[in-house]
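Coordinates in review
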Amino acid sequence: MVEEKGKERNGPHHPCGRLKLAFALWNSEEGLLEGLGGTEAQQTTLHPLVGRVFVHTLDHGSFLQRPEHAFPAPAPVPITYHAHLQGHPDLPRWLRYTQRSPYQPGFLYGTATPEDRGHQVIEVTAYNRDSFNTTQQMLVLLIGDPEGPLLPYQAEFLVRSHDVEEVLPSTPASHFLTALGGLWEPGELQLVNITSALDRGGRVPLPIEGRKEGVYIKVGSASPFSTCLKMVASPDSHARCAQGQPPLLSCYDTLAPHFRVDWCNVSLVDKSVPEPADEAPAPGGGILEHDPFFCPPTEATARDFLTDALVTLLVPLLVALLLTLLLAYVMCCRREGRLKRDLATSE
């Protein structure tokens, strides 16, 4: 009987048993998150390329030390991140950070420019929202030039069916490039840039199922644009879009139904023809040319300002003196005294 009572007391339905189970789960979680505060900052070396999109996933598993064969399985841990350039409060201008919720991974993404070429160190701090522990990770970015041909032909598409976090992983991005290959001339397509529509002036959608923020995806290639893309980006197509009519799309939309592209917001950039350099302004002699409508006077006549100064100073002084004399007369010379007051007062 004693053993049976002890088993019932330790069972999951007894308050003592539930307390012990909760204590065991708490110990398991503390052991899981112990590495989120006492370890040294990890260092990871990455190699972004100039003119190519760079995406790095901040996964919870890389910041947590999970014990092997943990039973029961630990619950998901809410973690948020803060990233900044070493020695600076913010990220470099070409890099962005996004995270949908503390239970989902974060992303560092962007496209480096030729001015960003070199060595940069990004410090990432992970915050555990349950235990308030923190850990750091150092990302060493060695930004270099890409290999292979240049990408002078670049097209940007507005995908309204996705958020930016949904296209940053490699699998959706590769699916987009594969589907876009049916609309472009045969050639290697590469992602040039990914930008959230909110960063381009878009509005936050209503919390309705199926509404997304939208994302701009820029793709580059060494092959010229296809006739279909040229027709979509033509002025006639934009004129139809301004009137509320569908754009001029002469080919089959291979991106549908997985990617809903706004064909009225397609822009093409051709960098194969170099732009003419702006002429440097020639310095002049410092003398303005003759203008018949502007004839400034060459000589100024002499003028005496003594009269104006005297009028400006003496008139206010005389008025103030007159008012002072009037007030002194009223207050000092017109007093009737105490006798009149006593006579006017009844006994």
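Refer to the preceding data block for the structure.
Report on the accompanying structure.

About the thresholds
In this numbering scheme, every chain counts its residues from 1 along its sequence in written order. Thresholds applied to this predicted model are a pLDDT of at least 70 for local features of residues and 80 or more for the giving and counting of side-chain atom pairs; totals over whole chains, interfaces and linings are not thresholded and use all residues. Values reported for side chains reflect all heavy atoms of the structure, with hydrogen atoms and water molecules removed beforehand. A run of H or I in DSSP counts as a helix once it spans at least four residues, and a run of E counts as a strand once it spans at least two, with each numbered from the N terminus. Under the scheme applied here, a residue whose accessible area is under 20% of the maximum for its type counts as buried, over 50% as exposed, and between as partly exposed, the area being computed with a 1.4 Å probe on protein chains only. Definition of a polar contact: a pair of N or O atoms within 3.5 Å, with one able to donate and the other able to accept a hydrogen when the atoms are protein atoms, and with sequence-neighbouring residues admitted only if both atoms are side-chain atoms. Strand pairing is assigned whenever DSSP identifies at least 2 bridges connecting the two strands. Axis geometry follows a simple rule: fit a line to the C-alpha atoms, using only the stretch in contact for helices, then measure angles between N-to-C directions, giving values from 0 to 180 degrees. Any two residues whose heavy atoms approach within 4.5 Å at even a single point are treated as in contact.

1. A closer look at the side chain of N128
Assignment of secondary structure puts N128 in strand β6 (residues 118-128). Classification of N128 by relative accessible area gives buried; the value is 1%. Reaching out from N128, the side chain makes a polar contact with the side chain of S131 at a distance of 3.2 Å.

2. Details of the sheet that holds strand β10 (residues 215-221)
Judged by pairing direction, the sheet is antiparallel, and its four strands sit side by side in the order β9-β10-β8-β11 without closing on themselves. Bordering the open sheet on either side are β9 (189-196) and β11 (261-270), each of which pairs with just one other strand. Sheet twist, expressed as the average angle between the axes of neighbouring strands with direction ignored, equals 20 degrees. Sheet analysis places strand β8 (residues 153-159) next to β10, joined by seven bridges and oriented antiparallel. Within β10, the residue paired with L158 across the bridge is Y216. Packed on one face of the sheet, helix α4 (residues 170-180) meets β8, β9 and β10 and runs near 120 degrees to β9.

3. Thoughts on the pairing of strand β2 (residues 53-58)
Burial of β2 is one-sided: the residues F54, H56 and L58 facing one way are buried, the residues V53, V55 and T57 facing the other way are not. When β2 meets strand β5 (residues 106-111), the two strands line up antiparallel, connected through six bridges. From the neighbouring strand, H56 faces β5, where its bridge partner is L108.

4. Side note on the sheet that holds strand β4 (residues 95-98)
Spatially, β2-β5-β4 is the arrangement adopted by the three strands of the open sheet, whose pairing is antiparallel. A strand with exactly one partner marks an edge of an open sheet, and here the two such strands are β2 and β4. On average, each strand axis in the sheet is inclined to that of its neighbour by 20 degrees, with strand direction left out of account.

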